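# Fold and contact review
Listed below are the residues making up each chain.
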Amino acid sequence: FEEQGCVEQVSSIFHDTRSDLTDLERDIIENRFAFDQPDGGKGMTLQEVGKHVGLTKERVRQIQIHALKKMRSTLENSYLNGPSLSEALEEAGVSV
């Protein structure tokens, strides 16, 4: 269950553009990880994405890594800047 929640959160960050991805980065991530496929379909290979965007698979790999770092940073910041544990418990109706 935790893995599914993580995938949903990454997909949310991707779709909400909170990580300030460029159009090329978004295109690469979208095609590599197939977030928009309802059946959780398989994403394209680096080589397939490279042909799609007109770049070598090595360059696609580099851009993918950079985009994932941006997304990870956004995810980490959302946790660091989120509510404190006591606030989260209070919101959930748990008295502390």
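Data block above holds the structure.
The sections below set out a description of the structure shown in this document.

Cut-offs and rules
Residues numbered from 1 in each chain as written. Predicted model: local features only at pLDDT ≥ 70, side-chain atom pairs only at ≥ 80, totals over all residues. Heavy atoms only, no water. Salt bridge = Lys/Arg side-chain N within 4 Å of Asp/Glu carboxyl O. Helix = DSSP H or I, 4+ residues; strand = E, 2+ residues; numbered from the N terminus. Buried < 20%, exposed > 50% of the residue type's maximum accessible area, 1.4 Å probe, protein only. Axes fitted to C-alpha atoms, helices over the stretch in contact; angles between N-to-C directions. Parallel < 35°, antiparallel > 145°, perpendicular 65-115°, else oblique. Left-handed = near helix turned anticlockwise from the far one by under 90°. Contact = heavy atoms within 4.5 Å. Nonpolar A, V, L, I, M, F, W, Y, C, P; charged D, E, K, R; others polar.

## A few points about the pattern of salt bridges
One pass over the structure, following the stated rule, counts 2 salt bridges. Linking E25 and K70 is a salt bridge whose minimum nitrogen-to-oxygen distance equals 2.9 Å. Of the two residues, E25 sits in helix α2 (residues 23-33) while K70 sits in helix α4 (residues 57-80), which places them 45 residues apart along the sequence. By relative accessible area, E25 is classed as buried at 6%.

## Some thoughts on the packing of α2 against helix α3 (residues 46-53)
Close contact between α2 and α3 brings their axes to 10 Å; oriented N to C, the two are set at 140°. Judged by the inter-axis angle, α2 sits oblique to α3. Crossing geometry of α2 relative to α3 is assigned as right-handed. For the pair α2 and α3, the contacting residues are L24, D27, I28, N31 and R32 in the first and L46, V49, H52 and V53 in the second. Split by residue class, the contact of α2 with α3 holds 5 nonpolar, 2 polar and 2 charged.

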